Amino acid sequence: MITIKKATSKKDLKAFVKFPFKLYKNSKYWVPPIIKQELDTFNKDKNPVFNDADARFFLAYKDGELVGRIAGIVNWLEINKQGIKKMRFGWFDFIDDLEVSKALFETVENIGREHQLSYAEGPVGFSNLDKVGIMTEGYDHLATMITWYNHAYYVDHYKARGYEIEKEYAESSFPFENVKPKYFKKAQELIKQRYNLRALKLTKTKEVMPYVDRMFDLFNESYASLSSFVEITDIQKEYFKKKFIGFINPEYIKFVVDKNDRLIGFAIVMPRFAEALQKANGKLFPFGFAHILKAKHNSKEVIFYLIGILPEYHNKGIHAVIFNEYYETFKAKGIKTCYRTPELENNFAIKKIWKHFDPVIYAKRKTYVKDLF
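Heads up: these notes are all about the structure in this document. (Residues numbered from 1 in each chain as written. Predicted model: local features only at pLDDT ≥ 70, side-chain atom pairs only at ≥ 80, totals over all residues. Heavy atoms only, no water.)

**Here's the deal with the side chain of asparagine 75**
Right, on to step 1. Take asparagine 75: it is sitting in strand β3 (residues 65–75).
Right, on to step 2. Judged by its relative accessible area of 3%, asparagine 75 is buried.
Right, on to step 3. A distance of 3.1 Å separates a polar atom in the side chain of asparagine 75 from the backbone nitrogen of leucine 77.
Right, on to step 4. Among residues more than four places away in sequence, those in contact with asparagine 75 are Asp52, Ala53, Arg88, Phe126 and Val230. (Helix = DSSP H or I, 4+ residues; strand = E, 2+ residues; numbered from the N terminus. Buried < 20%, exposed > 50% of the residue type's maximum accessible area, 1.4 Å probe, protein only. Polar contact = N/O pair within 3.5 Å; in protein donor to acceptor, adjacent residues only side chain to side chain. Contact = heavy atoms within 4.5 Å.)

So, in C-alpha cells, the structure goes:
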C-alpha cells in the first residue's frame, strides 16, 4: 500500500532532503547537495521565491518505508505575468516501482487541476537558476552540483504515466588545450575598440558585489526570450547574492562594460565541486567545508554556469572578449577541463559560440509534459 504524506514539519522536510542519500548510496556518479542549503531552499522564511510561488513537498511510503518524494510548485509570476498555466514539479525521486511514481505524479497533477492549470512539466525548479531535467544519457559520468542525477529507470516511469518530451538539454565538456587564442585574441581587441568596451579585472568578492544587481538585471533581459524563463525579482537578487557569490572565485566572474560603465556582458564560471561534495556527504562540518574550500582554490576543472549579453550587443562578438579574459585566468591556474551546464538543444546561438573548442556531449537530459485536462 502506497501512502502519500505532505512534508510540513522540520523532521519531514529533512526526510525529504535526505531520501536521495539512501536511493543513491552506492552510486559513484551521484553528487549530494549540502543538506542545510537544501533545507534553506525550502524554507519560506528564508527563500524569497515563496513571495511569488507556492510549493508543497510530499513523501511516499510503502509498508511504512520511505520510497519517494516530489515537490509541486506553482509559480505565480509565470502564471499571472506570462499567462503560462503550468504546474511545475521537481526534486522527484523514487524507487523502481510504478505504483510509487504514479501516486506521486497524481499528487502534483491534482494540485495543478485545483488551480485550473493546463499542464504539468518536470522535473524543474522554481526558476531558471534551479536544476532542470532528468538525465536520459550519461549515467556513467559524474554529475555536477547544478544538475540532478537519476537512475535510468526514471524515463520509463514518465512514459508509463503518459508524459511526453518537452525540452531537451545537452551537457558537454572540452579540454582547456582545445582553447586556441587565435579564435578570439585579435577579434576581442577590435571589438573593444569598435564599441568602446573594457573588461573588468576583479580579484576580490567585494569588488564584484557592486555589479551583481546589474548582472541579474542583464540576466533577466538576456534570457527573457528562452522558454520557461522566470524573472529574478529584486528581493531574490539579495538571496542569490548570499547563496552563490561567496562560493565563486571572484576572478571567475567576468564583466564587460561600455564607456559609461554600463554592464553589457557577464559570465560566471564555478570550480567543479563534485568530488568535494561527495566527500562532504551533505554536511559542511566538521570537514565538508574544508573539502569545498580546497576545491574552490585548487580544482583544475571548471563549469561555465552562465553567460549573458545585452540583446543590443548580440552577434557583435562580445563572447570573444569574455573568452579572452577566461583564457588568461585559466592558463595561470592550470585548468585542465571545462564543463558546460545543460543547454537547450535548440539554442543554436550558444552552440555557435562554443564550436571552435570542439566540445563533446557526455550527458543529455529532458523535461516531460502532460496535459491536465
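Once you've had a look at it, read on.
**Let's talk about unusual backbone geometry**
Right, on to step 1. The amide bond that connects glycine 122 to the next residue, proline 123, takes the cis arrangement and shows omega of 0 degrees.
Right, on to step 2. With respect to the helices, strands and loops of the structure, proline 123 is situated in the loop between β5 (119–122) and β6 (134–137).
Right, on to step 3. In the segment running from phenylalanine 285 into proline 286, the intervening peptide bond is cis, with an omega of 10 degrees.
Right, on to step 4. Along the polypeptide, proline 286 turns up in the loop between α10 (274–280) and α11 (288–298).
Right, on to step 5. Unusually for a residue other than glycine, glutamine 116 sits at a positive phi of about 60 degrees.

**Regarding the pattern of salt bridges**
Right, on to step 1. Applying the stated criterion to the full structure yields 35 salt bridges.
Right, on to step 2. Lysine 86 is the partner of glutamate 121 in a salt bridge, and the nearest nitrogen-oxygen pair spans 3.3 Å. Remark: lysine 86 occurs in strand β4 (residues 86–94) and glutamate 121 occurs in strand β5; sequence separation between them is 35 residues.
Right, on to step 3. According to the relative accessible area criterion, lysine 86 is buried, its value standing at 1%.
Right, on to step 4. Residue arginine 161 pairs with glutamate 109 through a salt bridge whose shortest N-O separation is 2.7 Å. Note that arginine 161 is positioned in the loop between α5 (154–160) and β7 (164–175) and glutamate 109 in helix α4 (residues 98–114), a separation of 52 residues in sequence.
Right, on to step 5. On the basis of relative accessible area, arginine 161 is assigned to the buried category, the value being 19%. (Salt bridge = Lys/Arg side-chain N within 4 Å of Asp/Glu carboxyl O.)

**Topic: the nonpolar core**
Right, on to step 1. Grouped together as the largest cluster of nonpolar side chains are 126 residues, with contacts concentrated most on Phe57, Phe89, Phe255, Phe304, Phe330 and Trp354.
Right, on to step 2. The biggest single contributor to this core is helix α12 (residues 318–333), with 8 residues.
Right, on to step 3. Ignoring sequence-local partners within four residues, the contact set of phenylalanine 89 consists of Ile70, Ala71, Phe105, Val108, Ala120, Glu121, Gly122, Pro123, Val124, Tyr158 and Tyr163. (Core = buried A, V, L, I, M, F, W, Y, C linked by side-chain atoms within 4.5 Å.)

**Some words on the pairing of strand β9 (residues 253–257)**
On any regular strand, side chains alternate: one points to one face of the sheet, the next to the other face.
Right, on to step 1. By the criterion of burial, β9 is predominantly enclosed, with 5 of the 5 residues buried.
Right, on to step 2. Judged by which residues are buried, β9 turns out to be covered on both faces: Ile253, Phe255 and Val257 on one side and Lys254 and Val256 on the other are all buried.
Right, on to step 3. Pairing between strand β8 (residues 198–200) and β9: 3 bridges, direction antiparallel. Considered in β9, the bridge of alanine 199 is made with valine 256.
Right, on to step 4. Summarising the sheet, β9 and strand β10 (residues 263–271) pair through 5 bridges and their orientation is antiparallel. Looking across to β10, one finds that valine 257 is bridged to leucine 263. (Pairing = 2+ DSSP bridges.)

**As for a nonpolar patch on the surface**
Right, on to step 1. A grouping of Phe285, Phe289 and Leu293 is seen on the molecular surface, where their side chains present a nonpolar patch of about 320 Å² in accessible area.
Right, on to step 2. Examined against the element boundaries, phenylalanine 285 turns out to sit in the loop between α10 and α11. (Patch = residues over 30% accessible without salt bridge, like charges linked within 9 Å, V, L, I, M, F, W, Y side chains within 5 Å. Areas by Shrake-Rupley, 256 points an atom, 1.4 Å probe, with all protein chains shown as cover.)

**Some details on helix α1 (residues 10–23)**
Right, on to step 1. Taking 1.5 Å of rise per residue, 14 residues should cover 20 Å, and α1 covers 21 Å from first to last C-alpha, within 8% of that figure.
Right, on to step 2. The largest bend in α1 comes to about 35 degrees, at valine 17, with the proline proline 20 one to four residues further on.
Right, on to step 3. Turning to α1, its buried residues number three or more, namely Asp12, Leu13, Phe16, Val17, Phe19, Pro20, Phe21 and Leu23. (Expected span 1.5 Å × (residues − 1). Bend = angle between axes of the 7 residues up to and from the residue.)

**Thoughts on α11**
Right, on to step 1. Listing the buried residues of α11 in full gives Gly288, Ile292, Ala295 and Lys296. Projection of α11 onto a plane perpendicular to its axis shows the buried side chains occupying an angular sector of 105 degrees, all on one side.
Right, on to step 2. On its buried face, α11 sits against β10 and α10. (Arc of directions from axis to C-beta.)

**Side note on the packing of helix α6 (residues 185–195) against α12**
Right, on to step 1. At a minimum axis separation of 8 Å, α6 and α12 run at an interaxial angle of 125 degrees. Here α6 is positioned oblique relative to α12, judged by the angle of their axes. Like other packed secondary-structure pairs, α6 and α12 cross with a definite hand, here left-handed. The residues of α12 that touch α6, namely those facing Lys185, Gln188, Ile191 and Lys192, are Ile318, Ala320, Val321, Asn324 and Glu328.
Right, on to step 2. Here the contact of α6 with α12 is built from residues that sort into 4 nonpolar, 2 polar and 3 charged. (Axes fitted to C-alpha atoms, helices over the stretch in contact; angles between N-to-C directions. Parallel < 35°, antiparallel > 145°, perpendicular 65-115°, else oblique. Left-handed = near helix turned anticlockwise from the far one by under 90°. Nonpolar A, V, L, I, M, F, W, Y, C, P; charged D, E, K, R; others polar.)

**Re the packing of helix α8 (residues 212–223) against helix α9 (residues 234–244)**
The angle between the axes and the distance between the axes are what describe a pair of packed helices.
Right, on to step 1. Contact pair α8 / α9: the axes reach a minimum separation of 10 Å and the direction vectors enclose 115 degrees. Crossing of α8 over α9 shows right-handed handedness. Across the interface between the two elements, Val212, Asp213, Phe216 and Asp217 of α8 pack against Lys237, Glu238, Phe240 and Lys241 of α9.
Right, on to step 2. Of the residues assigned to the contact of α8 with α9, the class counts are 3 nonpolar, no polar and 5 charged.

**A look at the environment of valine 208**
Right, on to step 1. Looking at where valine 208 falls in the secondary structure, it is placed in helix α7 (residues 205–208).
Right, on to step 2. Residue class for valine 208 comes out buried when judged on its relative accessible area of 1%.
Right, on to step 3. Excluding residues within four positions of it along the chain, valine 208 makes contact with Leu202, Pro250, Ile253 and Phe255.

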